[in-house]
Amino acid sequence: MKNIITYSALFGLFFCLQVFVFNRLEIGFGAQIFILPLFLMILPFDTNVFGLMALGFLLGISVDAFSNTFGLNASSLVLFAYLRPIVFESFRPREGYDPLKIPTASDMGWDWFLVVFGILFVSSLLWYFVWEIFRFAEILLVLRNLFMSVLVSAVAISISQFFFFNERKKK
Amino acid sequence: MQNLFAFLRRFRVFIFFTALQFICLFFYVQFVAYPKSVFLSTASGVNGRIQKWEGSLTNHFFLEENNRKLRLENAQLRKRVFVNFYKHDRPTHRIKDTLYEQEYSFIPAEIIHSSSARRNNYFTINIGEIQGIKKNMAVISPNGVVGIVFKVGKHFSLVKSVLTQDINLDVIVGKDGPHGLLKWDGYNPRIGIVTGVSSDLNIKKNKAIYTLGASGIFPKGLKVGTIVSKSRVEDQALWKIEVLFSEDYRTLQSVYVVNSLLQKELHSLQLEIPEELE
């Protein structure tokens, strides 16, 4: 029950941050900050994959309605959710995942988090830009936008990992 | 039958994934290619109101710049107002002027949501069907072209900005130079590309680019930008001309929607052109 309230609040927080803060930042050079995948990332390890995809779809489509992307965010988040169990499985520690931990940098360590989240994040963003630009002739633009966006989003997400998900360790 | 169920059970995750992807991409393609309604966009009723409220908070950051622009435009318009002219002849009777007929009327609007970092950027403006906005009307600003109305809601409309993939605006180099097509390559929101100008023509830097107005959507002679550089297109005898937009789309707030009063006549005339000639 406590979890449901926490994650609903996080859902709202991520939505507001993306729509009203990060979508408004004009960084230039094709860089956009995407933080929505982080929400899907930090859901508990035993979250059902159907639930993950449905949540990704819901969060994505609500953000799309507010940023004139018409379903692109939803599509890339559904892909993220679909790939998450597969990537988690291939980076499983020898003793398996501790059900008391959540998939954040502070619980699982930076090495694990960077690799797993990196793979998922880059593939979902690549999907996003390929659909948005959708022209083979503009493949360089896809790569530039992908590179710049991953760079700035990584900074934003790392900061959030330092400040907001560090509490467990202190306890 | 059992095999079918076994198959469905085995691939249920993938089937659910495909179904969701289908919905998302169906929405996306439908919106980009055949826009029907403003549902799920910033021009929908509820959403538009939220954006408007949010815009009223953030508009203040650019207030000074926008005031300056509007003052400048006012000053220029004031020069043309007839009250400021001394009249030499005093006619004793009134004549109905049939020499001039108004071709365009302008409806002022405020931008309540915009983006410039994406490949296809849209603006939401605070007027819609009620104010007589229709699809494919031109949108301009005091400094140049802005875009074309893409979708109309009841109170809000969505404008496809110049910063999109397939804007293809017909432009002219200088006041009477060669014609070309304005495109945007997605790299820099300040720089546009003009193609279709033959490379045997001498194109000078810093020359202004204006709208051609061939389709009757945009008035003729609106400034688009100035030429910053040119290069040859590979394998083709054409210039690729880079244009610095005269309007900075990142800070734009007030625009005008252009109602082309003769558009219908022009369009019906152009329909009569036999297809093989086009």
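Computed from a prediction, not measured in an experiment: that's the story for all the values here.

**Student:** Is there a simple way to think about the overall build of chain B in this case?
**Tutor:** Summing up its helical and strand segments, chain B has five helices and 12 strands in all. A buried classification covers 40% of the 278 residues belonging to chain B. Counted over contacts in chain B with a minimum sequence separation of 6, partners at least 24 positions apart contribute 61%. Accessible area of chain B: about 17000 Å², with a carbon and sulfur share of 58%.

**Student:** Mind showing me how you'd approach the environment of tryptophan 184 of chain B here?
**Tutor:** Residue and element names in this part refer to chain B. As for its placement among the helices and strands, tryptophan 184 is situated in the loop between strand 7 (179–183) and strand 8 (191–198). You can call tryptophan 184 buried: its relative accessible area is 3%. In this structure the C-alpha to C-alpha distance between tryptophan 184 and asparagine 168, which are 16 residues apart in sequence, comes to 8.5 Å. Ignoring sequence-local partners within four residues, the contact set of tryptophan 184 consists of Ser116, Arg118, Arg119, Asn121, Val162, Leu163, Thr164, Pro189, Ile191, Gly192 and Phe245. Separated by 3.2 Å, the side chain of tryptophan 184 and the backbone oxygen of isoleucine 191 make a polar contact.

**Student:** Is there a simple way to explain the nonpolar core in this structure?
**Tutor:** Taken as a class, soluble globular proteins show a tendency for nonpolar side chains to be buried jointly. Of all hydrophobic cores here, the largest spans 70 residues; its most connected members are Met41 and Trp112 of chain A. Mapped onto this core, the elements with two or more residues apiece are helix 1 (2–21), helix 2 (36–41), helix 3 (49–65), helix 4 (72–90), helix 5 (105–108), helix 6 (110–133) and helix 7 (139–163) of chain A together with helix 2 (12–33) of chain B. The residues contacting methionine 41 of chain A, other than those within four sequence positions of it, are Phe80, Arg84, Phe88, Pro103, Trp112, Phe113, Val116, Phe117 and Leu120 of chain A. Of all hydrophobic cores here, the second largest spans 43 residues; its members include Ile107, Leu163, Val194 and Val255 of chain B.

**Student:** Would you explain the sheet that holds strand 6 (residues 169–173) of chain B in this entry?
**Tutor:** Across a sheet, paired strands are connected by hydrogen bonds in the backbone, their directions being either parallel or antiparallel. All names here are of chain B. An order of 6-7-8-11-10-9 is seen for the six strands of this closed barrel, with the pairing classed as antiparallel. Adjacent strand axes in the sheet meet at a mean angle of 40°, parallel and antiparallel pairs treated alike. Sheet topology note: the strand 7/strand 8 ladder contains three bridges and is antiparallel. For leucine 182, the partnering residue across the bridge sits in strand 8 and is valine 194.

**Student:** Explanation requested: a nonpolar patch on the surface in the structure shown.
**Tutor:** All names here are of chain B. A contiguous nonpolar patch, built from Met1, Leu4, Phe5, Phe7, Leu8, Phe11, Phe14 and Ile15 and spanning about 780 Å² of accessible area, is present on the exposed surface. Mapped by element, the contributors of at least two residues to the nonpolar patch are helix 1 (2–10) and helix 2. Residue contributions to the nonpolar patch peak at four residues, all from helix 1. Summarising the element assignment, leucine 4 is placed in helix 1.

**Student:** What is the right way to read the side chain of asparagine 145 of chain A from this model?
**Tutor:** By secondary structure assignment, the location of asparagine 145 of chain A is in helix 7. Exposure remark for asparagine 145 of chain A: the relative accessible area of 2% places this residue in the buried category.

**Student:** I tried to follow the sheet that holds strand 1 (residues 104–114) of chain B on my own but got confused; where do I start?
**Tutor:** Residue and element names in this part refer to chain B. Overall, antiparallel pairing links the six strands, which are arranged 1-2-5-4-3-12 in a closed barrel. Adjacent strand axes in the sheet meet at a mean angle of 45°, parallel and antiparallel pairs treated alike. The pairing of strand 3 (residues 138–141) with strand 12 (residues 254–260) spans three bridges and is classified as antiparallel. Residue pairing for strand 12: isoleucine 140 is matched across the bridge by tyrosine 256.

**Student:** Where do I start with the interface of chain B and chain A in this structure?
**Tutor:** Often the size quoted for an interface is simply the accessible area lost on bringing the parts together. Taken residue by residue, the interface counts 35 residues in chain B and 37 residues in chain A. Of the roughly 3500 Å² buried at the junction of chain B and chain A (both faces included), carbon and sulfur atoms supply 62%. Of all residues in chain B, Tyr28, Arg118 and Tyr187 of chain B give up the largest surface area on contact with chain A, accounting jointly for 20% of the area buried on that side. Run the count over chain B and chain A and you get one salt bridge. Measuring nitrogen to oxygen at the nearest pair gives 2.9 Å for the salt bridge that ties arginine 119 of chain B to glutamate 138 of chain A. Considering each element in turn, the side of chain B that touches chain A owes the most residues, 14 residues, to helix 2 of chain B. When its residues are assigned to classes, the side of chain B that touches chain A shows 18 nonpolar, 12 polar and five charged.

The rules behind the values
- Residues numbered from 1 in each chain as written.
- Chains lettered and ligands numbered in written order.
- Predicted model: local features only at pLDDT ≥ 70, side-chain atom pairs only at ≥ 80, totals over all residues.
- Heavy atoms only, no water.
- Helix = DSSP H or I, 4+ residues; strand = E, 2+ residues; numbered from the N terminus.
- Buried < 20%, exposed > 50% of the residue type's maximum accessible area, 1.4 Å probe, protein only.
- Contact = heavy atoms within 4.5 Å.
- Areas by Shrake-Rupley, 256 points an atom, 1.4 Å probe, with all protein chains shown as cover.
- Polar contact = N/O pair within 3.5 Å; in protein donor to acceptor, adjacent residues only side chain to side chain.
- Core = buried A, V, L, I, M, F, W, Y, C linked by side-chain atoms within 4.5 Å.
- Pairing = 2+ DSSP bridges.
- Axes fitted to C-alpha atoms, helices over the stretch in contact; angles between N-to-C directions.
- Patch = residues over 30% accessible without salt bridge, like charges linked within 9 Å, V, L, I, M, F, W, Y side chains within 5 Å.
- Salt bridge = Lys/Arg side-chain N within 4 Å of Asp/Glu carboxyl O.
- Buried area = accessible area lost by both parts, 1.4 Å probe.
- Nonpolar A, V, L, I, M, F, W, Y, C, P; charged D, E, K, R; others polar.

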